[in-house]
Every structure is written in structure tokens, then in C-alpha cells.
Number of protein chains: 2
Amino acid sequence: MSKIQHRNLYREVADRVRDLIERGELMPGERISEKELCESFGVSRTPLREALKVLASEGLVELLPNRGARVMRLTLKMVKDTYDLMSALEGLSGELACQHISDKEIDKICGLHERMLDHYRKRELQEYFQVNQQIHESILAASNNEVLQEMYNNLSQRVKRVRYSKQMTDTFWRQAVEDHENMIAALKKRDGPLLGQILRDHLCNKLEVASLSGVIEEEASPSAANS
Amino acid sequence: MSKIQHRNLYREVADRVRDLIERGELMPGERISEKELCESFGVSRTPLREALKVLASEGLVELLPNRGARVMRLTLKMVKDTYDLMSALEGLSGELACQHISDKEIDKICGLHERMLDHYRKRELQEYFQVNQQIHESILAASNNEVLQEMYNNLSQRVKRVRYSKQMTDTFWRQAVEDHENMIAALKKRDGPLLGQILRDHLCNKLEVASLSGVIEEEASPSAANS
DNA sequence: TGGTGGTATTATGAATTCAAAATGCTAAAA
DNA sequence: TTTTAGCATTTTGAATTCATAATACCACCA
């Protein structure tokens, strides 16, 4: 029996705004007009304002007192810092996963790994990333630590909108796949410390950061803030 | 020149409620009556409700749709999970600190370390914990990663109210001090991976968890929820 | 006596209203 | 021509009001 979802308006609104930010319809630094959004959602200002408060404490939105809200702007440093954090959390997730994971779950992840290898061999970058992400998500889920999952998802949400333009060089890609081979081995042995180490050092995140150096505006470029 | 603090009511209110929770004037599971709090703060319901939304997404408060707010109840598992997370974050903070920390800051931490040792020798538990905490905070600050600091502080806030009744056995205490000796050594060498490792495994957190097993109600004991 | 149904009360959710701050515009002065 | 003062407009902050869901209470019935 599935739970009855008492959805309040402010939750609904928060989800919608989150979505707008994620898909880039609200750009970083862009002013969020309460009036405009209220009209497009067909709600009054109260639930919208409540939603904005929530999004602010999630780090997606910036509230300037008496001057409204704007989509949080990501500096290169913030993104780097966030990825560092995510690596550490992934490390922990691996360590914990080894303590809790069932044989069946390991099998499932191995299956994903095989599929990933397949996409690697066929050089299907898009599909590769997708399965790759599923593997990391599975490990995170196996950690059996909900606080960890909540935090990781929050961080991931923050940087989601800059997740594109991942150009893999051949050497990087090979190294990443090698990391995954080692991960699977550690997982099968249920060697938590080892899996943790591998995940913390896994260069997938590091790579993304590296490839970002051009994509994000560095520090406050005042012009980008306006309108 | 210090920034002008445009403090909105909802921030003020959130701080006040956070404080009430931290100091145990609002107990876990206790119903939060909007009317009552509004009257005691002398504000209308709007800013209070906004504050509650924020506190909810900070994990301090639980919002039951159409049924009001209550102080988040901590299960033993949640606290354990949170401490696991905090250890991982401390590990990261150590790793990063080694990359950024100045000689002067290292000196400062060494000074704190000496003071801590002194309290250890004199068996001044209270003072020991205080200086101990300052050391960890200094390392966190030296990490130069604000996202990390924000997240650590949030987690710390969540479990603050169960931070008491730390009874140290002699062996534990000695081990903890030994850890600190190694930490200082790693810090002086600026050996990030080593300091990270030590901090992740530092049994201070593990100890606290262990000592909690009796303190917190395990899982939903329905009676504790009411009134 | 225990349980069910229905009404009254209370508390929450959301819209509206009122107040205050910020912004934009025009005009006057340096 | 540029700057600044002052007013009008817009936008945000907070209180109030209205609507709706939850709770408490009581009578009625088995």
C-alpha cells in the first residue's frame, strides 16, 4: 500500500522551480520575479515565497533581503569544492556499501558494469555516462545511510546544471574504466577501505572539474548578474 | 568595514527556534504550536512558517502536512549515520587543509594541541573537549572549502542536542590523544592523505556513538511523540 | 460499557491586504 | 553634460483574512 501524498503547494512549487533551474530555463544569476512566477504557476505569493526559502537553504537560490531572489551563481571554486565533497561522500558510500550490500545487489552492479564496458568498447559516450551514473547510484543506495544519500543528492542537484560538455580523452576514459574494474573487484571482496579509497580518488569527478575551467564564469563578473 | 546585516524576521525567528531546539527547550518529537510560538516571539504566522520551512530542510524540524511541525526526532541510526558522515567530512577537511594551511595556522593548532595535552594530563575533561573541538574547527576552517564547512556545520547542528554524557574510559582517552599526536605530525608534514586517514578513523566520533546507545530512544516509540 | 457518527472547535494552508523598502524616472542645479 | 534630489512606481516583507483539513467532544446506539 502506497502512502497518500499530502502535497502542499509550496512543495509543488519548489519542485517546479528546481526543475526550471536544472533545465536552465532560469539561468544562474537571473532575477526571480515573484510576480511573474506566481502568475505562471497560478498561485499566490505565499507558497512561492516559502518555496524560495527552502531552495535557498538547499543552495540553489540566493535571497537578497528586500531585493528578491536570484538563481545561485556557481563560481568555479564552488563547483570544485562541491566535487571534492562529493568524492569524499562517494568514498564513504563505498566503504559502507561493503558492510551492507547483498550478493544480489553485487550481481546487479556487476551487470551494470558489464553494460558499461560494452558502451565503452563501442565508444557510446552518452550511454556510458548513464550506466556509469547508475553504478554510482547503486553503491550510494547500498550504503544504507540515508543522511549520506540526502546530502549527496543535494550537492549533486546544485551542480547538475553545469553537467555537460564532458569531452573524454582516450587516456582519461581508459583510466576511468580501469578504476571501475578495481571498484568491482573491491566490491566483490567487500573490501570497504579499498573501495572507499578508489572512489575518493576516482578521477571521473576530477575530470569533470578539469573540463569546466572554461565553462563557468570565474568569480563575480558584475554584468552577468543583471536582468 | 563590516557588512550591514539586513536581517529578515524569518531569519531571526529561525535562529531563535534553532536555539530553542539546541538547548532542549523544545524537545525531540514535541509538537510546535504556531500560535504559541508566534505569541512568544511577537510575530505573525507568516515569518514563523517560513522559518519552519527552512528548519525542515536543515533537518531540525519535521513538517507533517496539515498537522503542523514537530522537532525532528533522532533515532540511534540517524545519529550513527550522521557521525559516519561527519568523520568522512573531517577526513576531507584534513586532506584539504594540508594543501592550504599556512605555517602560522599550523603553529596555532600546535599551540591548541599543547593546551589540550595539558588538560589531558590534568584530567580536565570539560576543558579537554573544548580545546579538542577548537582543533577540529581550525582544521575545518583551513580546508578552505566553504561548501564543506556549511555541510559539516549543518550536520553538527542536527546532533548537537545529544552531545553530552561523554564518559571517557582511560584507554579510549589515551587512544584519542595518540590520534591527535599523529594528526599534528601529519599536519606538520602536510601529508594530506595521512591526515585524512587519521581523521576518518579518529575514534572520537566513534566513541560518542558508542556512548549513545542508551541515551536515544530506538526507533519510533509512539508514546514519545505525543503532546 | 464500548464504539460509531456527527457536529463544534481549533489549527493549518493559502490568498489577500497593508506597510516599507528599493528602483526608476524626471527635473533642477552645478 | 553630469550629478543629485525628490517623487512615482514597483517589489518585497509581514500581518490579516478566508478556506479547508484535522481534532475534540458529545450524543446516540449496539
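Residues numbered from 1 in each chain as written. Chains lettered and ligands numbered in written order. Predicted model: local features only at pLDDT ≥ 70, side-chain atom pairs only at ≥ 80, totals over all residues. Heavy atoms only, no water.

A. Region of the structure containing the nonpolar core. Counting 34 residues, the largest nonpolar core has A:L85, A:L89, B:L85, B:L89 and B:L155 as the members making the most contacts within it. Breaking this core down by element, the ones donating at least two residues are α4 (76-100) and α7 (146-159) of chain A together with α4 (76-100) and α7 (146-159) of chain B. If near-sequence neighbours (up to four positions away) are discounted, B:L85 is found in contact with A:L89, A:L92, A:V147, A:L148, A:M151 and B:L155. (Core = buried A, V, L, I, M, F, W, Y, C linked by side-chain atoms within 4.5 Å. Buried < 20%, exposed > 50% of the residue type's maximum accessible area, 1.4 Å probe, protein only. Helix = DSSP H or I, 4+ residues; strand = E, 2+ residues; numbered from the N terminus. Contact = heavy atoms within 4.5 Å.)

B. Spotlight on the protein's contact with DNA strand D. Taken together, the neighbourhood of DNA strand D is formed by 15 residues, with A:R31, A:R45, A:R49, B:S44 and B:T46 sitting nearest. When the atoms of DNA strand D within 4 Å of the protein are sorted by group, sugar and phosphate make up 72%. For DNA strand D, a phosphate oxygen lies 2.6 Å from a polar atom in the side chain of A:R31. Within the side chain of B:R67, a nitrogen or oxygen atom sits 2.9 Å from a phosphate oxygen of DNA strand D. For the surface near DNA strand D, the elements supplying multiple residues, two or more each, are α3 (45-57) of chain A together with α3 (45-57) of chain B. (Near = heavy atom within 4 Å. Polar contact = N/O pair within 3.5 Å; in protein donor to acceptor, adjacent residues only side chain to side chain.)

C. Inspection of the relation of the copies chain A and chain B at higher detail. Between chain A and chain B, the superposition needs a rotation of 180° and an axial shift of 0.0 Å, giving an RMSD of 0.1 Å. Here the two chains are linked by the operation of a two-fold rotation axis. A symmetric contact is evident, with 97% of the interface residues of chain A recurring at the interface of chain B. (Least-squares fit on C-alpha atoms with pLDDT ≥ 70 in both.)

D. Here's a closer look at the pattern of salt bridges. As enumerated under the stated definition, the model contains 30 salt bridges over all chains in all. Between A:D118 and A:K122 there is a salt bridge whose closest N-O contact spans 3.1 Å. Residue class for A:D118 comes out partly exposed when judged on its relative accessible area of 32%. Relative accessible area serves as the criterion here: at 52%, A:K122 is assigned to the exposed category. Between B:K77 and B:D81 there is a salt bridge, with the nearest N and O atoms lying 2.6 Å from each other. One end of the pair is B:K77 and the other is B:D81, both in helix α4 and four residues apart, which spans about a single turn. On the accessibility criterion, B:K77 (32% relative accessible area) is partly exposed. A relative accessible area of 9% places B:D81 in the buried class. Where salt bridges share partners, they join A:E34, A:R45, A:R49, A:K53 and B:E50 into one cluster. (Salt bridge = Lys/Arg side-chain N within 4 Å of Asp/Glu carboxyl O.)

E. Structural detail: the protein's contact with DNA strand C. The immediate surroundings of DNA strand C are formed by 17 residues, with A:L9, A:S44, A:T46, B:R31 and B:R49 found nearest. If you look at DNA strand C and keep only atoms within 4 Å of the protein, 74% of those are sugar or phosphate atoms. A:N8 has a polar side-chain atom sitting 3.3 Å from a phosphate oxygen of DNA strand C. A distance of 2.6 Å separates a phosphate oxygen of DNA strand C from a polar atom in the side chain of B:R49. Mapped onto the surface near DNA strand C, the elements with two or more residues apiece are α3 of chain A together with α2 (34-41) and α3 of chain B. Looking at the surface near DNA strand C residue by residue, the classes come out as four nonpolar, seven polar and six charged. (Nonpolar A, V, L, I, M, F, W, Y, C, P; charged D, E, K, R; others polar.)

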